[in-house]
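Below, each chain spelled out in residue letters.
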Amino acid sequence: MADKRPAPEPDPDEPERSTAGPILGALAVVVVLILVVVAGQVFGSSDEPLSDSDLVSRTVDAYVGAHNADDDDAMTRLRCAELSADQAPLADVDGEVRIDEFGTVDIDGDRGRVEARTTVDGTQETVVWSLTRVDGDWRICTA
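Only a predicted model underlies this, so the values are computations on that prediction, with no experimental measurement involved.

Engineer: For this particular structure, what's the right way to read the pairing of strand β3 (residues 123-134)?
Structural biologist: It is a general feature of regular strands that their side chains alternate between the two faces of the sheet. Pairing of strand β2 (residues 111-120) with β3, which is carried by ten bridges, proceeds in the antiparallel orientation. Counterpart to E115 in the pairing with β3 is V128. Taken together, β2 and the strand that follows it, β3, pair antiparallel across an intervening segment of two residues, in which D121 is found at a positive phi of about 50°. Summarising the sheet, β3 and strand β4 (residues 137-142) pair through five bridges and their orientation is antiparallel. When the sheet's bridge partners are listed, R133 is paired in β4 with W138. Where β3 hands over to β4, the hairpin turn is made up of two residues, of which D135 adopts a positive phi near 50°.

Engineer: Teacher, can you tell me more about a nonpolar patch on the surface here?
Structural biologist: Together, L24, L27, V31 and L35 make up an exposed nonpolar region whose accessible area comes to about 390 Å². For V31, the position within the fold is in helix α1 (residues 20-43). A relative accessible area of 41% means that V31 is categorised as partly exposed.

Engineer: Looking at this structure, how should I read the side chain of T59?
Structural biologist: Positionally, T59 belongs in helix α2 (residues 52-68). Separated by 2.8 Å, the side chain of T59 and the backbone oxygen of L55 make a polar contact. Non-local contacts of T59, meaning those with residues more than four positions away in its chain, are made with L78, L131, W138, R139 and I140.

Engineer: Any chance you could explain the pattern of salt bridges here in plain terms?
Structural biologist: It is possible for side chains bearing opposite charge to pair when their charged atoms get close. Tallying each qualifying case throughout the model produces five salt bridges. Between R117 and E101 there is a salt bridge whose closest N-O contact spans 3.4 Å. In this pair, R117 sits in strand β2 while E101 sits in strand β1 (residues 97-108), placing the two residues 16 residues apart along the sequence. Its salt-bridge partner being D137, residue R139 comes within 3.5 Å of it at the nearest N-O pair. Several salt bridges converge on common partners, so that one network encompasses D52, D110 and R133.

Calculation notes
Residues numbered from 1 in each chain as written. Predicted model: local features only at pLDDT ≥ 70, side-chain atom pairs only at ≥ 80, totals over all residues. Heavy atoms only, no water. Pairing = 2+ DSSP bridges. Helix = DSSP H or I, 4+ residues; strand = E, 2+ residues; numbered from the N terminus. Patch = residues over 30% accessible without salt bridge, like charges linked within 9 Å, V, L, I, M, F, W, Y side chains within 5 Å. Areas by Shrake-Rupley, 256 points an atom, 1.4 Å probe, with all protein chains shown as cover. Salt bridge = Lys/Arg side-chain N within 4 Å of Asp/Glu carboxyl O. Buried < 20%, exposed > 50% of the residue type's maximum accessible area, 1.4 Å probe, protein only. Polar contact = N/O pair within 3.5 Å; in protein donor to acceptor, adjacent residues only side chain to side chain. Contact = heavy atoms within 4.5 Å.

Right, here's the structure in full:
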């Protein structure tokens, strides 16, 4: 005759055994580490120094950002000392300026020029910015 005893109840003090939990946990850790490494490669800084062309474009971008934030101190730092605020680029612009695209950058020693397509009050135009390297930093030097 078959044994009709009920199956034993699990011991409440004994931990449940599951082999999938630790494996899935380890897999999650590995995936997170891979994502961190990939993000570091994509968004991390490069050991290569920026080119003068990049620095010229960044200076113009920073100047426009300072204009949009009404940060007169930053605009002053980004201009040559001899260029007054009322003669500087964007002196007559009250609204926000957006740089849509940088074009040609020409570097000749310590002088640089960059074309920038901008939008001001919905109107697009291409503007040429002139810069000069002063003590190693690029500065906006002419209107």
